[in-house]
Amino acid sequence: MQRITHFVLLMALLGASAAQKPPVCDSAVTSFHADPTNCSQYYTCYQGVAILQSCPDQKYFDSTRSLCDIPEMVTCTIGPCTGNTGLMSVAILNVCTSYTLCVGETPFNRTCADGTLFDVAFGDCVLAGDSTCVENPCLSVDPATAVPTTFYPVLNSCKQYIICDKLNPVVRTCAGSTVFSRTVSKCVASTDYVCPPGTAV
């Protein structure tokens, strides 16, 4: 019995050591670090906190230049489909309107149809109002210059919008019968804006 207990503890320790940990950040310096498990992701160290972020447009993070670039210009051999042997749908960090379809280890970028968002639980695009996917637009904003008067839509809602408090999204709801217009980025009368299909009102 004691041997079994020791074996279980050893396996737990090995598993813990194998788990990916974010970098330790210097609170006085803003820095960028590659995610060793995904070429398209990286960590931004800001005020001592490591925030996992994703490169846009399926680009790869180049740690030598601290920027995202097309895969052909970056040396990286790890991706969202690494080790996959079948068919698998993988969420893209902080993106709800598209996902990565893995056929074996080959990734294909897929875009959800209008009015739908990718949902991890379903592994597919579903009606926007039924999706639990949330995009944080604040992660794509430079935290040092973020302006709290810029409003972003909540993708599965026509009533809610997001204000950035540095890197943190603060969700607000339009008053009364008004809705959030993605055209003018503010709350307007429901008669002045047609909500995107699938969004909750």
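Residues numbered from 1 in each chain as written. Predicted model: local features only at pLDDT ≥ 70, side-chain atom pairs only at ≥ 80, totals over all residues. Heavy atoms only, no water.

1. Overview of the sheet that holds strand β3 (residues 49-54)
Across a sheet, strands are paired by hydrogen bonds formed along the backbone, either parallel or antiparallel in direction. Strand order in the open sheet formed by 3 strands is β1-β2-β3, with antiparallel pairing between adjacent strands. Both edges of this open sheet fall to β1 (31-34) and β3, since each of them pairs with a single strand only. Across the sheet, the mean angle separating the axes of adjacent strands is 30° when strand polarity is ignored. Note that strand β2 (residues 41-46) and β3 share 6 bridges and pair antiparallel. Of the residues in β3, the one forming a bridge with Tyr43 is Leu52. (Pairing = 2+ DSSP bridges. Helix = DSSP H or I, 4+ residues; strand = E, 2+ residues; numbered from the N terminus. Axes fitted to C-alpha atoms, helices over the stretch in contact; angles between N-to-C directions.)

2. Looking at the state of the cysteines
Tallied over the full model, the rule gives 8 disulfides. Between the sulfur atoms of Cys81 and its disulfide mate Cys102 the distance is 1.9 Å. Its S-S torsion of about -80° marks the bond between Cys81 and Cys102 as left-handed, since a negative value means left-handed. One end of the pair, Cys81, is in the loop between β5 (67-69) and β6 (87-92); the other, Cys102, is in strand β7 (residues 95-103), with 21 residues separating them in the sequence. Side by side, Cys81 and Cys102 carry an identical accessibility label, which is buried. Linked covalently through their sulfurs, Cys158 and Cys195 form a disulfide whose S-S length is 1.9 Å. Between Cys158 and Cys195, the disulfide has an S-S torsion of -85° and is therefore left-handed. (Disulfide = S-S within 2.5 Å. Buried < 20%, exposed > 50% of the residue type's maximum accessible area, 1.4 Å probe, protein only.)

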